[in-house]
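If you want the building blocks of each chain, they are given just below.
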Amino acid sequence: MKFCIQDPSYKDSMYLQESLLTACEVGISGGGAYAFASKDGIELFLEDESFKKFMDSGTFFLIVGMDDITNIRSLQELKNVRDKYKGHLTVKAYIHNSKGSIFHPKFSWFETASGGILIVGSGNLTQQGLRHNREAYSVIDCDKKTFNDVISEWNQWLSHSNPFLFDIDDLIVQRVAEQNTMKTIAVRRVRKDISKAHGKMDDNTFADLFKTQPKDNLNKKKKQNDKCLSLIHISEPTRRSYI
């Protein structure tokens, strides 16, 4: 197991985006579930060249939560990439009506020739979660027995969750995405009003403090295959099917 910290101000930051893409390079099939997805986050992961090559022969089953953030732009981008990969990418929206509870997982799994890789942490499928936020996650290299247990749990949970999983072309998914879009606009307006009324955190009161803090390094791309996934054992691939 490799424990990774994503922190743009930290020189040894390990970006979630690149750990996922590195796993794609040795993956045979995969799946994952994320609480939220944004258009830019979907592009960072699912439109990257490494994922495109993975889709040449592999498959990926993605579940995206609709409780917040995942809006009309997110939904359209998900439809675009699903159609682009023509049956290799399956996308479902998770919609529920539970009170006091939200859909909040953030993980992906990848089958490899020697077993599999499980990437579990705090980052969502957004640009912030994949590269810009302070996040933590683990990259777990599983042998075949352990990976079989992972897939067994995944399949059981998928079967249980079937009533909550909707095709992204379904009308209910469109309606919830529209609500999330309106919610985002409303929150931005409220934040703007609060900022006007109370001032910004970066005014002169805090300027000297902020100058002493390390600055973020927001490079678009920094390959780190040898850092996060040095545990992976590569051998001849075998393929199997999942739900």
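None of these values were measured; they are calculated from a predicted model.

K.L.:
What is the right way to read the packing of aromatic side chains from this model?
P.N.:
The description of two aromatic rings rests on the distance between their centres and on the angle between their planes. Applying the stated criterion across every chain yields a total of 17 aromatic pairs. Residues Trp109 and Trp154 carry aromatic rings whose centres are separated by 5.8 Å and whose planes lie at 70° to one another, so their mutual orientation is edge-to-face. Taken together, the residues Trp109 in strand S5 (residues 106-112) and Trp154 in helix H6 (residues 144-161) connect sequence positions 45 residues apart. As far as the burial class goes, Trp109 and Trp154 line up, both buried. Grouping aromatic residues by their ring pairs yields a cluster made of Phe61, Tyr94, Phe103, Phe107, Trp109, Phe147, Trp154, Trp157 and Phe164. Above the face of the Tyr15 ring, Arg131 is positioned so that its terminal group lies 4.1 Å from the ring centre.

K.L.:
Would you explain the nonpolar core in this entry?
P.N.:
A general tendency of soluble globular proteins is for nonpolar side chains to be buried together. Core analysis: the largest hydrophobic core is formed by 39 residues, its most contacted members being Phe45, Phe51 and Phe110. A total of five residues in this core trace back to one element, the largest contributor, which is helix H1 (residues 16-26). For Phe45, the residues in contact, after removing those within four places along its chain, are Leu20, Leu21, Cys24, Phe51, Phe60, Phe110, Leu125 and Leu130.

K.L.:
Sorry if this is basic, but what is going on with unusual backbone geometry here?
P.N.:
Trans is the prevailing form of peptide bonds, just as negative phi is the prevailing case for residues other than glycine. A positive phi angle is found at Ile69, which is not glycine, with a value near 70°. As for its placement among the helices and strands, Ile69 is situated in the loop between strand S3 (59-65) and helix H4 (72-84). On the basis of relative accessibility, which here comes to 33%, the residue Ile69 falls in the partly exposed class. At Lys86, a position not held by glycine, the phi torsion is positive, near 45°. Inspection of the secondary structure puts Lys86 in the loop between H4 and strand S4 (89-94).

K.L.:
What exactly am I supposed to notice about the packing of helix H2 (residues 39-46) against H4 here?
P.N.:
The relative placement of two packed helices comes down to the angle between their axes together with the axis-to-axis distance. At a closest axis distance of 8 Å, the pairing of H2 and H4 adopts a crossing angle of 25°. On the basis of the axis angle, H2 is roughly parallel to H4. Residues Lys39, Ile42, Glu43 and Leu46 of H2 form the contact with H4, whose participating residues are Arg73, Ser74, Glu77, Leu78 and Val81. Grouping the amino acids of the contact of H2 with H4 by side-chain chemistry returns four nonpolar, one polar and four charged.

K.L.:
I keep staring at the sheet that holds strand S6 (residues 115-121) and nothing clicks. Help me out?
P.N.:
Remark on secondary structure: sheet strands pair via backbone hydrogen bonds, oriented parallel or antiparallel. Read from one edge of the open sheet, eight strands run S1-S7-S6-S5-S2-S3-S4-S8, paired in mixed fashion. For this open sheet the edge positions go to strand S1 (2-6) and strand S8 (165-167), each flanked by a neighbour on one side alone. For this sheet the average axis-to-axis angle between neighbouring strands, irrespective of direction, equals 20°. Against the sheet, H4 contacts S3, S4 and S8, and its axis sits at roughly 155° relative to S4.

K.L.:
Any chance you could explain the pairing of S4 here in plain terms?
P.N.:
Within a regular strand, side chains alternate between the sheet's two faces. Pairing of S3 with S4, which is carried by six bridges, proceeds in the parallel orientation. Looking at S4, one finds that Val64 is bridged to Ala93. Read as a crossover between parallel neighbours, the route from S3 over H4 to S4 is right-handed. With three bridges connecting them, S4 and S8 associate as antiparallel partners. Bridge pairing in S8 links Ala93 to Phe166.

K.L.:
Before we go on, may I ask you to explain the environment of His132 in this structure?
P.N.:
Here His132 lies in helix H5 (residues 127-132). C-alpha separation for the pair His132 and Leu16, spaced 116 residues apart in sequence, amounts to 9.7 Å. Each residue touching His132, except ones within four places of it in the same chain, is listed here: Gln6, Pro8, Gln127 and Leu218.

K.L.:
Can you walk me through the side chain of Gln6 in this structure?
P.N.:
Assignment of secondary structure puts Gln6 in strand S1. A polar contact is formed between the side chain of Gln6 and the backbone nitrogen of Leu16, at a distance of 2.8 Å. A polar atom in the side chain of Gln6 sits 3.0 Å from the backbone oxygen of Asn133.

K.L.:
I tried to follow the pairing of strand S2 (residues 29-34) on my own but got confused; where do I start?
P.N.:
Of all six residues in S2, six are buried, a share of seventy percent or more. Neither face of S2 is open: one carries Ser29, Gly31 and Ala33, the other Gly30, Gly32 and Tyr34, and all of them are buried. Where S2 meets S3, six bridges bridge the pair, whose relative direction is parallel. Across the sheet, the residue bridging to Gly31 is Phe61, located in S3. Note that S2 and S5 share six bridges and pair antiparallel.

So, how was this worked out
Along each chain, the written sequence defines residue order, and numbers are assigned to residues from 1. The predicted nature of this model means local features are confined to residues of pLDDT at least 70 and side-chain atom pairs, given and counted, to a pLDDT of 80 or more, with totals for whole chains, interfaces and linings taken over all residues. The side-chain quantities take in all heavy atoms of the structure and omit both hydrogens and water. Centres within 6.5 Å are what make two rings of Phe, Tyr or Trp a pair, Trp counting through its six-membered ring; a difference in plane orientation under 30 degrees is then read as stacked, over 60 as edge-to-face, and the rest as tilted. Per the convention used, a helix needs a DSSP run of H or I reaching at least four residues, while a strand needs a run of E reaching at least two, with both numbered from the N terminus. Whether a residue is buried, partly exposed or exposed follows from its accessible area with a 1.4 Å probe, protein chains only, as a fraction of its type maximum: under 20%, in between, or over 50%, in that order. In this scheme, the term charge over a ring applies when either NZ of a lysine or CZ of an arginine sits within 6 Å of the ring centre and within 35 degrees of the ring normal. Here, nonpolar core means buried Ala, Val, Leu, Ile, Met, Phe, Trp, Tyr and Cys residues that are tied together by side-chain atoms lying within 4.5 Å of each other. Contact definition: two residues touch when any of their heavy atoms are within 4.5 Å. Angular values range over 0 to 180 degrees, each being the angle between N-to-C directions of two axes fitted as lines to C-alpha atoms, with helices fitted over their stretch in contact. If an angle is under 35 degrees, it is roughly parallel; if it is over 145, roughly antiparallel; if it lies from 65 to 115, roughly perpendicular; otherwise it is oblique. Any residue outside Ala, Val, Leu, Ile, Met, Phe, Trp, Tyr, Cys, Pro, Asp, Glu, Lys and Arg is labelled polar, Gly included; the first ten of those are nonpolar and the last four are charged. Here, a strand pair is defined by DSSP locating no fewer than two bridges between the strands. By convention, orient the strands away from the viewer: a clockwise path from the first strand over the helix to the second makes the crossover right-handed. We define a polar contact as two N or O atoms separated by no more than 3.5 Å, with the added condition that, inside protein, one atom must be a possible hydrogen donor and the other a possible acceptor, whereas residues neighbouring each other in sequence contribute only through side-chain atom pairs.

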